[in-house]
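Listed below are the residues making up each chain.
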Amino acid sequence: MKFSTIVAALVGSAVANPIPEAEESKALEKRQTINYVQNYNGNLASFSYNEAGGNIYAKWNNPSDFVVGLGWSTGTANRVINFGGQYTSTSSGYLTVYGWINNPLTEYYIVENYSYDPCTVSGSQTVGSVTSDGSTYKICKHTQVNQPSITGTATFGQYFSVRQSKRSSGSVTLANHFNAWKASGFQASNFNYQVFAVEAFGGSGSASLLVSG
């Protein structure tokens, strides 16, 4: 449930004149290009990737904890993330949208496939459900006390949507989850990074995925 170490920045340029519609569309596409590599203990997963192509590869056997993936250095509430490929996990793993809010410091997951349900962790509170992208998701929240975070050791909230119909390919409409979480205190603003990720803290498994957004 952790934390980024590698960033590849997307460099833009300012213009003085209004942008024609066709160029504005291209600019939007460029802003959504993957520009961030999540690599927390990637060596435990033999993690490799093609950032330009949006490809993720991982294979693991009894890791302590890793989180690896591709995405964007600044998240948004309006992104639709597309993913597809193969994923297997024997225990203690997720295939998930993953990100952070800066203030209030918050970690969030939209879990698409898993061998461990994070809503079963001690202290987790189930607060509702949301239907999105062809399935119902259980919503829960949890408070991490004095745990590692993007700002160092801290106390922070966690929000989870856990898909009931597991899958390894599809699209995730983030706004549906953020709007549902809002009733329980989630603030969809002041985003840090946002990625599609593989996490595991035990068991064995592999992933070969294509991500876009």
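Preceding this section is the structure that the text describes.
Just so we're clear, the structure is a prediction, and the values are computed from it rather than from any experiment. (Residues numbered from 1 in each chain as written. Predicted model: local features only at pLDDT ≥ 70, side-chain atom pairs only at ≥ 80, totals over all residues. Heavy atoms only, no water.)

**Let's talk about the sheet that holds strand 14 (residues 204–212)**
Okay, so step 1: Pairing is antiparallel in the open sheet, where five strands are placed in the order 3-4-14-6-12. In the strand order of this sheet, the two ends are held by strand 3 (48–50) and strand 12 (170–173), each with one partner. Put simply, the sheet's adjacent strands are angled 20° from each other on average, direction ignored.
Okay, so step 2: Seen against the sheet, helix 2 (residues 174–182) touches strand 6 (80–89) and strand 12 and runs at an angle of roughly 40° to strand 12. (Pairing = 2+ DSSP bridges. Helix = DSSP H or I, 4+ residues; strand = E, 2+ residues; numbered from the N terminus. Axes fitted to C-alpha atoms, helices over the stretch in contact; angles between N-to-C directions. Contact = heavy atoms within 4.5 Å.)

**Brief notes about the state of the cysteines**
Here, disulfide denotes a covalent bond that connects the sulfur atoms of two cysteines.
Okay, so step 1: What the rule picks out here adds up to one disulfide.
Okay, so step 2: Between the sulfur atoms of C119 and its disulfide partner C140 the distance amounts to 2.1 Å. Its torsion about the S-S bond being -85°, the disulfide of C119 and C140 is classed as left-handed. Of the two residues, C119 is situated in the loop between strand 8 (106–114) and strand 9 (125–132) and C140 in strand 10 (residues 135–147); the sequence distance between them amounts to 21 residues. Here the two residues C119 and C140 agree in accessibility, since each one is buried. (Disulfide = S-S within 2.5 Å. Buried < 20%, exposed > 50% of the residue type's maximum accessible area, 1.4 Å probe, protein only.)

**Quick word on unusual backbone geometry**
Okay, so step 1: Here N103 and P104 are connected by a cis peptide whose omega angle stands at 0°.
Okay, so step 2: Of note, P104 is situated in the loop between strand 7 (93–101) and strand 8.
Okay, so step 3: Of note, N41 is a non-glycine position whose phi angle comes to about 60°, a positive value.
Okay, so step 4: Positionally, N41 belongs in the loop between strand 2 (36–40) and strand 3.
Okay, so step 5: Even without being glycine, D133 reaches a positive phi, approximately 50°.
Okay, so step 6: For D133, the position within the fold is in the loop between strand 9 and strand 10.

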